[in-house]
Amino acid sequence: MKKAVLFWMILWGSTTAFAQQKTYCNPINIDYGYCPIEPFVTQGKHRATADPVITFFKGKYYLFSTNQWGYWHSPDMLNWQFVSRKFLRPEHKVWDELCAPSLSFVNDTLLVIGSTHTKEFPIWMSKNPEVDDWKELVHKQLAGAWDPQIFWDEQKDELYMYYGSSNLYPLYGLKLNRKTFQPEGEPVPVLALNDHDHGWERFGEHNDNTFLQPFTEGAFMTKYKDNYYLQYGAPGTEFSGYADGVYVGKNPFGPFEYQSHNPFSYKPGGFARGAGHGATFQDVHGNYWHTSTIGISVKNNFERRIGIWPAGFDAEDVLYSNTAYGDYPTFLPSEKKNHLTEQFAGWMLLNYNKPVQVSSTLGGFQANLAVDEDIKTYWSAKTEKANEWFQTDLGEISTVNAIQINYADQDVELMGKPEKSPGHQYQILASNDGKKWKEVIDKKNSTKDVPHEYIELANPIEARFLKLINLGMPTGKFALSGFRVFGKGNGLKPNEVQNFIPLRSGPKVKGERRNVWFKWQQEPQADGYVIYFGKSPDKLYGSIMVYGKNEYYFNGLDRSEVYYFQIEAFNNNGIGPRSEIKKAE
């Protein structure tokens, strides 16, 4: 019997090591650099990036984001390889190495430029960006644009730049000379916020703070068919409601009309929150995706991560981004798919608020904070030493398909992007009774830096207990913002939610129509709920994930429109039926 168990364990380890994953999980697992700016780390050094842009170029995905001292490329949108590179010259005395960079291509050449208020930054070009092979296309680009995007209208062979980041000024568009890549003509205002009508554009964590005007930033243009989709971020990067909206026009400078279904990229609930300031791109199969910024904002407002969401255009050419269960396992690009219905893997979170045990606890960083589905809170062990451990109890023997380990930055010592990292070394054990354990994952000798490690098991296992044993950290103490186990339990899914009511002021009644108060009867079997919303019953593209409550205040509606709402409950066993659709004038 012992030989059979040993053989099974060896076979299991071998299969896990070499099987190709079919899913990923947000925040994406890349070796994020550490904040390189001294004034931003006074409350603790930490990893940080934001403002991502991805493009598919010559058979690979290229990812650039803020302050990373380089960039990544990937053949499959899962395994990202970092290329170390600083793009700014010594005379550019700024903190930000390519802040909110523009990434685009013209024919067979990739183009990159960072944000600047001066007229000194170069546009870089490469025909072979797999390696550090870049040349200056333009020595000094004269636009002086913050949050720039260079957009190539391939059909017309014309170049434009869109830019802006302000709570005072609008976003601008500028035509670039096709040969010199320099500005041609004067900037044209193309978009300004209208938070008087659009509740989701209001400042604050809950879109209810009026002490400061909201910010608009992150201009990004996508051309689909003959329409130009001008995308923008609002109202502030530090908020869970950070989102991307879109205006649509027939010409590069508009006039642009507000898309009725906005914000099109939005994720205020769940573990990883925020989906603003991003970029829309196509995969190898022609499917659309949207990458954007996820907020942590604990040690600094600009402590952030990156998410990738299935996106697309519907039959009426409405741009959408599907963030429902967007921080659960999601299928990678594999074939032409419906991104509204076919991308979620269907594996549920098995250990939300379930019992845990730990080797030690540092101060108030309590153990249950690693299973509360909040990336802003975390457990920390007292040390970084080998054999500190975290154990989670799923409550019953369940089918485990995948595990995500989200490390938190406690007492880290690094800044910037180190040339080498000792990586994260660990071991995961599984048990049915908490006494007899078997090894499931062996990363004892790993040298990979995996701050949001995600492992899809080649063969699902049956287990009740999982134990993560620390064997080595790149820096800082052994700390976890989320040890998340995905699969299926053996119980019942929740029932349909009863008495779901959206309370909103009517069009002829004095009240704040940008707000709605949802109430519903608590479903006993539910861990949480997903509320869907939209301005048409067949386009409920917006979604909000709510854990452990039977009410939610939502302040992100447009003032004058009719809305439709629907809710479903979920737990570790699956998703219950959706409720009937409710209409609110």
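You'll find the structure just up there.
Cut-offs applied
- Residues numbered from 1 in each chain as written.
- Predicted model: local features only at pLDDT ≥ 70, side-chain atom pairs only at ≥ 80, totals over all residues.
- Heavy atoms only, no water.
- Helix = DSSP H or I, 4+ residues; strand = E, 2+ residues; numbered from the N terminus.
- Pairing = 2+ DSSP bridges.
- Axes fitted to C-alpha atoms, helices over the stretch in contact; angles between N-to-C directions.
- Phe/Tyr/Trp six-rings, centres within 6.5 Å; stacked < 30°, edge-to-face > 60°.
- Buried < 20%, exposed > 50% of the residue type's maximum accessible area, 1.4 Å probe, protein only.
- Lys NZ or Arg CZ within 6 Å of the ring centre and 35° of its normal.

**Observations concerning unusual backbone geometry**
(1) Moving on: Looking along the chain, the bond that leaves A234 and enters P235 is cis, with omega of -5°.
(2) Moving on: Tracing the chain through its elements places P235 in the loop between strand 15 (227-234) and strand 16 (243-249).
(3) Moving on: In the segment running from G254 into P255, the intervening peptide bond is cis, with an omega of 10°.
(4) Moving on: Secondary-structure assignment places P255 in the loop between strand 16 and strand 17 (256-258).
(5) Moving on: Of note, K225 is a non-glycine position whose phi angle comes to about 55°, a positive value.
(6) Moving on: The topology assignment puts K225 in the loop between strand 14 (217-224) and strand 15.

**Some thoughts on the sheet that holds strand 13 (residues 183-191)**
Backbone-to-backbone hydrogen bonds join strands into a sheet, with any given pair of strands oriented parallel or antiparallel.
(1) Moving on: Spatially, the 4 strands line up as an open sheet ordered 10-11-12-13, and their pairing is antiparallel. The open sheet terminates on both sides in strands that have one partner only, identified here as strand 10 (149-153) and strand 13. Between one strand and the next, the sheet's axes are offset by a mean angle of 25°, whatever the strand orientation.
(2) Moving on: Of the pairings in the sheet, the one linking strand 10 to strand 11 (residues 158-163) comprises 5 bridges and is antiparallel in character. Note that in strand 11 the partner of W152 across the bridge is L159.

**Comments concerning the packing of aromatic side chains**
(1) Moving on: Inspection of the entire model under this criterion finds 54 aromatic pairs.
(2) Moving on: Taking 5.4 Å as the distance between ring centres and 85° as the angle between the ring planes, the aromatic pair formed by Y160 and F253 counts as edge-to-face. In this pair, Y160 is assigned in strand 11 and F253 in the loop between strand 16 and strand 17, connecting sequence segments 93 residues apart.
(3) Moving on: Judged by its relative accessible area of 5%, Y160 falls in the buried class.
(4) Moving on: With centroids separated by 6.1 Å and ring planes inclined at 85°, the aromatic side chains of Y266 and F533 adopt a geometry described as edge-to-face. Here F533 lies in strand 33 (residues 528-534) and Y266 lies in the loop between strand 17 and strand 18 (273-282), a separation of 267 residues in the sequence. For the pair Y266 and F533, one class covers both residues: buried.
(5) Moving on: Among the aromatic residues, ring-to-ring pairing joins Y325, Y328, F344, Y352, F486, Y547 and F570 into one connected group.
(6) Moving on: A cation sits over an aromatic face here: K417 above F82, 4.2 Å from the ring centre.
(7) Moving on: Cation over ring: K467 sits above W437, and NZ or CZ is 4.9 Å from the ring centre.

By themselves these figures say nothing about function.
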